[in-house]
Amino acid sequence: MSDNLKTIKELADELGVSKQTIRNKIDKDFREKFVQTIKIKGNNTLVINNAGYSLLKKTLQNDTAQTAKTLQNDTAQTAKTLQNDTAQTKLICFLEEQLDKKEQQLSVKDKQLENKDTQISQMQNLLDQQQRLALQDKKLLDEYKSEINDLKALKMPTQETEFKHLDNQYKDEVNALKEKLENLQEQIKDQKRIEEQEKPRKWWGLWRK
């Protein structure tokens, strides 16, 4: 084939593209300006002159450059997207770790509050017990005062004969009252001793926790 006229196959081979790519570039205007139909081996064949060849070559080079640029831009955009996705993934992982830590801290705080509630309840029980003991002490003291008043209210007889007559009875009553008074005093001492023993063990032991 002449250097000034080339078939579509020859152009495709020289330019390194498919025949379909060449055909896609041949529109009506291009055909009128650069394409001829000649007989080759008895068949009608489209041939493109040298000017058309140059235009096709330039067009395909521009297309190739544009495609390469588009591919480069797409690659850069994809890389940027992947980078952003990676950064977002790392941020999400970091936030999830922080959330897990906060949840663990809250769990610890909840346990501490639960322990404090238990301690407060125990303290309240001790206060109630102390109040009951104080009431018992007051009751014992009132009984003690009553017995003292009873002793003070005893009247001594004015006549010697009456004194002799009531001497034994009075002594018995006095001894009985003294014995009862001693028992009351002993009960008060025992109660206070128990209270003093419980205070260090329960109150101070509680605060050391």
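All of these numbers come straight from a predicted model, not from anything done at the bench.

Enquirer: Sorry, what's going on with the overall build of the protein here?
Expert: The helix and strand inventory of the protein stands at five helices and three strands. Going through the 209 residues of the protein one by one, you find that 17% of them count as buried. By sequence separation, contacts in the protein at least 24 residues apart represent 62% of the contacts at least 6 residues apart. Accessible area for the protein stands at about 16800 Å²; split by element, carbon and sulfur atoms hold 52% of it.

Enquirer: For this particular structure, what's the right way to read the packing of aromatic side chains?
Expert: Aromatic ring pairs: the centre-centre distance and the angle between the two ring planes describe each pair. Scanning all chains against the criterion turns up one aromatic pair. Summarising the aromatic geometry, the rings of Phe-30 and Phe-34 are spaced 4.9 Å apart at their centres and angled 50° between planes, so their arrangement reads as tilted. A residue pair is termed a helical-turn pair when its members lie 3 or 4 positions apart in one helix, as Phe-30 and Phe-34 do in helix H3 (residues 28-34) at four residues. Lys-6 extends its terminal NZ or CZ atom over the ring of Tyr-53, reaching a point 5.9 Å from the ring centre.

Enquirer: I would appreciate a short explanation of the side chain of Gln-191 in the present structure.
Expert: By secondary structure assignment, the location of Gln-191 is in helix H5 (residues 160-208). The residues touching Gln-191, leaving out its near neighbours within four places in the chain, are Leu-133, Gln-136 and Asp-137.

Enquirer: Looking at this structure, I do not really get the sheet that holds strand E2 (residues 35-40). What am I missing?
Expert: Strand pairs in the sheet, formed through backbone hydrogen bonds, run parallel or antiparallel to each other. In spatial order, the strands read E1-E3-E2; together these three strands make up an open sheet with antiparallel pairing. In this open sheet, the two strands that pair with only one neighbour each are strand E1 (5-7) and E2. The average angle at which neighbouring strand axes cross in this sheet is 50°, direction not considered. Of the pairings in the sheet, the one linking E2 to strand E3 (residues 43-49) comprises six bridges and is antiparallel in character. Residue pairing across strands places Gln-36 opposite Val-47, the latter belonging to E3. Sheet strands in contact with helix H1 (residues 8-15) are E1 and E3, and its direction is about 85° off that of E1.

Calculation notes
Residues numbered from 1 in each chain as written. Predicted model: local features only at pLDDT ≥ 70, side-chain atom pairs only at ≥ 80, totals over all residues. Heavy atoms only, no water. Helix = DSSP H or I, 4+ residues; strand = E, 2+ residues; numbered from the N terminus. Buried < 20%, exposed > 50% of the residue type's maximum accessible area, 1.4 Å probe, protein only. Contact = heavy atoms within 4.5 Å. Areas by Shrake-Rupley, 256 points an atom, 1.4 Å probe, with all protein chains shown as cover. Phe/Tyr/Trp six-rings, centres within 6.5 Å; stacked < 30°, edge-to-face > 60°. Lys NZ or Arg CZ within 6 Å of the ring centre and 35° of its normal. Pairing = 2+ DSSP bridges. Axes fitted to C-alpha atoms, helices over the stretch in contact; angles between N-to-C directions.

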